[in-house]
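# Tertiary structure, described
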Amino acid sequence: MVDDKKVRVRFAPSPTGGLHLGGVRTALFNYLFAKKHNGDFILRIEDTDQTRFVAGAEEYIIECLSWCGILPQESPQNPGEFGPYRQSERKESYRAYAERLVEDGNAYYAFDTSEELNAERKKTPNFTYGHKTRSSMRNSLSLPEEEVRTLLEKNTPHVIRLKVPEDETISFNDMIRGQVSFETNIVDDKILLKADNMPTYHLAVVVDDHKMQISHIFRGEEWLPSAPIHILLWEYLGWKKEMPQWAHLPLILKPDGHGKLSKRDGDRLGFPVFAMNWTDPASGELIKGFREMGFLSEAFVNMLALLGWNDGSDQELFSLDELVERFSIERINNSGAKFDFEKAKWFNHEWIKKSSLEELRPYFIAILAEHQIFDIDNHYLDIVVNLVKERLMLLVDFWDQASFFFKEPETYDLASVLPKWTAEKTTFFTDIIEKFEGFEPWNSEGIESLYKLAIQASGLKMGELMLPFRIMLVGGKFGPHIFDIAATLGKEESIKRIKKGLSAILTQ
């Protein structure tokens, strides 16, 4: 799959909004392939369609790639020798290639107005502009040469269309799908250059890939129908021997496997489909992303890599370096991969568990700051993280699972204890406060031993006294081992909370 030519791959998104996880996976597979073969990973911004350009989208794309740890060697922000890296900045170069195609008889000028094309579409169901219809339209193939010259001299608005040949079969070898063939009779004459002199995707992508010496192209399978257009352009422009190898990646499917995963599916089912939060500048709508929902980038990348690829083993957790080492085209599936949000959360849970305290600490400091809790001692925070990290599916779960370590409960789940409360329990907790006040050393094992001995002496059952103790310290029926909680809170704070909790019970 890889010859002696320098491996150069590109991720070429359009700056039109948030970055779908399918787009990030395309970038990831480009990156893994480049790194595997000591090649270059390039970011090119395909902004030829200025009507869809969205301010801030390019910066958002860069931030997404940075968060995932897959920054390109060459980009608009870090240009190399093959720039510019925004298609809009290469605008002047495209017309010459389109004109060359016209001169060689492989493209033509089309002067049809929007009104004329709309009328044709109304008249002819499923109208396509191609070999069957081009002769009846207003173009340089159907009009007299003199009229064409006059129209051009008058700067009459026009486009340049590719002249797709009749009755031919176009084939290529896809690195994932093997031999793929298309009949040209079902391929329409795509516009290559628009009336505003901006190229369409078809012309720009071929010219840019050639100019940037791209060796391999990874893109979604939805681009397969464009392959014959691009192959013809590589051939007609005289570059077919330099044409990159292509790999059309399988779709990321809805959880039920029926159709491509969309933002609408995420909205409906309650999960993100964008890498990071994206605020639509036009509507102000906030679309949530994996990062802000509480995913570690390592988990997000790991999950994405296994949507459509595996290394042939049972291993599921891979660092980025391990993915580079194990990655191979041969292990990419040619069928769609169902997105499973529960599995995505499992990846995150596992990565939280295996991450070091140093790696996790900044996230939790930020979460605490959001709740107006500042100046936390790192040693204390590390103790808390060790107690709760195995309970976290998402980073944002930290507050729900650990907030009581940083502020005393504001409410208590009294409904869980009041129905079975007795005077004997009041006596027990009054006595345990006194025992705790004089107890040293204050550690989990010692507290547990003392508490259980006190239960034995009281004649009460352990199950009757463990839950009230937890609710007094925590506020509810959750949290790690109760004696670890007490040890971490410290003697003074634990006693204060028992007193407060007991008072809340007795005043009901």
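Above: the structure in question.
The text that follows walks through the structure, step by step, so that each part is easy to find. (Residues numbered from 1 in each chain as written. Predicted model: local features only at pLDDT ≥ 70, side-chain atom pairs only at ≥ 80, totals over all residues. Heavy atoms only, no water.)

## Comments concerning the overall build of the protein
The number of helices and strands found in the protein is 20 helices and 13 strands. A globule of 508 residues ought to have a C-alpha radius of gyration of about 23 Å, yet the protein, at 32 Å, is considerably larger. Considering the protein as a whole, with its 508 residues, one finds that 53% of them fall into the buried category. Residue pairs at least 24 apart in sequence account for 72% of intrachain contacts in the protein once pairs closer than 6 positions are excluded. (Helix = DSSP H or I, 4+ residues; strand = E, 2+ residues; numbered from the N terminus. Rg over C-alpha atoms; globule rule 2.2 N^0.38 Å. Buried < 20%, exposed > 50% of the residue type's maximum accessible area, 1.4 Å probe, protein only. Contact = heavy atoms within 4.5 Å.)

## Thoughts on the sheet that holds strand 4 (residues 159-162)
Pairing is antiparallel in the open sheet, where 3 strands are placed in the order 3-4-7. Only two strands of the sheet have a single partner each, and these edge strands are strand 3 (107-110) and strand 7 (191-193). Taking the axes of each pair of neighbouring strands and ignoring which way they run, one obtains an average angle of 40 degrees across the sheet. Across 4 bridges, strand 3 lies against strand 4 in antiparallel orientation. Bridging across to strand 4, Tyr108 finds its partner in Arg161. (Pairing = 2+ DSSP bridges. Axes fitted to C-alpha atoms, helices over the stretch in contact; angles between N-to-C directions.)

## Points about the pairing of strand 9 (residues 245-249)
Of all the 5 residues making up strand 9, 4 are buried; the element is thus mostly covered by neighbouring parts of the structure. Of the pairings in the sheet, the one linking strand 8 (residues 216-220) to strand 9 comprises 5 bridges and is parallel in character. Paired with Arg219 across the bridge in strand 9 is His248. Once you follow strand 8 into helix 7 (residues 227-236) and on to strand 9, the crossover reads as right-handed. (Right-handed = clockwise from strand over helix to strand, strands pointing away.)

## A look at the side chain of Thr26
Of note, Thr26 is situated in helix 1 (residues 21-36). Ignoring sequence-local partners within four residues, the contact set of Thr26 consists of Phe11, Phe218, Arg219 and Leu249.

## Describing the environment of Pro480
One can find Pro480 in the loop between helix 18 (462-474) and helix 19 (482-489). Among the residues examined, Pro480 registers a relative accessible area of 4% and is labelled buried. Remark: the alpha-carbon pair of Pro480 and Val388, spanning 92 residues in sequence, is separated by 6.5 Å. Discounting chain neighbours no more than four positions away, the residues touching Pro480 are Leu387, Val388, Arg391, Phe404, Phe405, Arg470 and Ile485.

## Focus: the side chain of Lys425
Its place among the elements puts Lys425 in helix 16 (residues 423-437). Glu464 is the oppositely charged side chain nearest to the buried, salt-bridge-free Lys425, at an N-O distance of 4.0 Å. When residues no more than four places from it in sequence are discounted, the contact partners of Lys425 are Lys420, Leu460, Glu464 and Leu465. (Lys, Arg positive; Asp, Glu negative; His and termini not counted. Salt bridge = Lys/Arg side-chain N within 4 Å of Asp/Glu carboxyl O.)

## Remarks on the environment of Glu424
Checked against the element boundaries, Glu424 lands in helix 16. Assessed through its relative accessible area of 47%, Glu424 is described here as partly exposed. A C-alpha to C-alpha distance of 24 Å links Glu424 and Glu492, two positions 68 residues apart in sequence.

## Describing the state of the cysteines
Applying the stated criterion across every chain, the model contains 0 disulfides. Unpaired in terms of disulfides, Cys64 finds its nearest cysteine sulfur in Cys68, a separation of 6.7 Å. (Disulfide = S-S within 2.5 Å.)

## Observations regarding the packing of helix 3 (residues 91-103) against helix 6 (residues 201-211)
The description of two packed helices rests on the angle between their axes and on the distance between the axes. Closest axis-to-axis distance for the helix 3/helix 6 pair is 10 Å, and the angle between their directions is 110 degrees. In terms of orientation, helix 3 lies roughly perpendicular with respect to helix 6. Contacts between helix 3 and helix 6 pair Tyr94, Tyr97, Ala98 and Leu101 from the former with Leu203, Ala204, Val207, Asp208 and Lys211 from the latter. The residue makeup of the contact of helix 3 with helix 6, split by class, is 7 nonpolar, no polar and 2 charged. (Parallel < 35°, antiparallel > 145°, perpendicular 65-115°, else oblique. Nonpolar A, V, L, I, M, F, W, Y, C, P; charged D, E, K, R; others polar.)

## Comments concerning the nonpolar core
Buried together is how nonpolar side chains tend to be arranged in soluble globular proteins. Core analysis: the largest hydrophobic core is formed by 117 residues, its most contacted members being Phe339, Phe398 and Phe429. Among the elements that line this core, the one with the most residues is helix 1, at 9 residues. Setting aside chain neighbours within four positions, we find Phe429 in contact with Trp421, Tyr451, Leu465, Pro468, Phe469, Met472, Ile498 and Leu502. If you look at the next biggest cluster of nonpolar residues, it comprises 45 residues, including Val148, Leu162, Leu193 and Leu203. (Core = buried A, V, L, I, M, F, W, Y, C linked by side-chain atoms within 4.5 Å.)

## A few points about the layout of surface pockets
The method is simple in principle: a probe with the dimensions of a water molecule rolls over the atoms, and the space it marks as empty is what remains. Considered as a void within the structure, the largest pocket measures approximately 1000 Å³ in volume. Taken together, 39 residues form the lining of the largest pocket, with Ala12, Pro13, Ser14, Glu222 and Trp223 sitting closest to its centre. Broken down by secondary-structure element, the contributors of at least two residues to the lining of the largest pocket are strand 1 (8-11), helix 1, helix 6 and strand 8. (1 Å grid on protein atoms, 1.4 Å probe; cavity = no way out; pocket = protein on both sides within 12 Å on 5 of 7 lines; lining within 4 Å. Points joined across faces, edges and corners; volume = space filled by probe spheres on them.)

## Points about the packing of aromatic side chains
Across all of its chains, the model carries 35 aromatic pairs by this definition. With a centroid separation of 5.2 Å and an interplanar angle of 70 degrees, the aromatic rings of Trp346 and Phe347 are classed as edge-to-face. Both rings, one in Phe469 and one in Phe483, keep their centres 6.1 Å apart while their planes meet at 50 degrees; by these two values the pair is tilted. Of the two residues, Phe469 is situated in helix 18 and Phe483 in helix 19; the sequence distance between them amounts to 14 residues. A relative accessible area of 0% means that Phe469 is categorised as buried. Of the aromatic side chains, those joined through ring pairs into one cluster are Trp421, Phe428, Phe429, Phe436, Phe439, Trp442, Tyr451, Phe469 and Phe483. Taking the ring centre of Phe347 as reference, the NZ or CZ of Lys343 above it sits at 5.5 Å. Directly above the aromatic system of Trp351 lies the positively charged group of Lys354, at a separation of 4.4 Å from the ring centroid. (Phe/Tyr/Trp six-rings, centres within 6.5 Å; stacked < 30°, edge-to-face > 60°. Lys NZ or Arg CZ within 6 Å of the ring centre and 35° of its normal.)

## Things to note about the pattern of salt bridges
Under the defined criterion, the tally for this structure stands at 40 salt bridges. Here Glu235 and Lys240 are joined by a salt bridge, their closest N and O atoms 3.8 Å apart. Residue class for Lys240 comes out partly exposed when judged on its relative accessible area of 42%. A single network of salt bridges, built from pairs that share partners, joins Arg10, Arg44, Glu46, Arg90, Asp208 and Asp209.

## Brief notes about the packing of helix 17 (residues 444-458) against helix 18
Close contact between helix 17 and helix 18 brings their axes to 10 Å; oriented N to C, the two are set at 130 degrees. When the axes of helix 17 and helix 18 are compared, the pair comes out oblique. Helix-helix and strand crossings are classified by hand; for helix 17 and helix 18 the assignment is right-handed. Side by side, helix 17 and helix 18 meet where Tyr451, Lys452, Ile455 and Ser458 of the first sit next to Met462, Leu465, Met466 and Phe469 of the second. Of the residues assigned to the contact of helix 17 with helix 18, the class counts are 6 nonpolar, 1 polar and 1 charged. (Left-handed = near helix turned anticlockwise from the far one by under 90°.)

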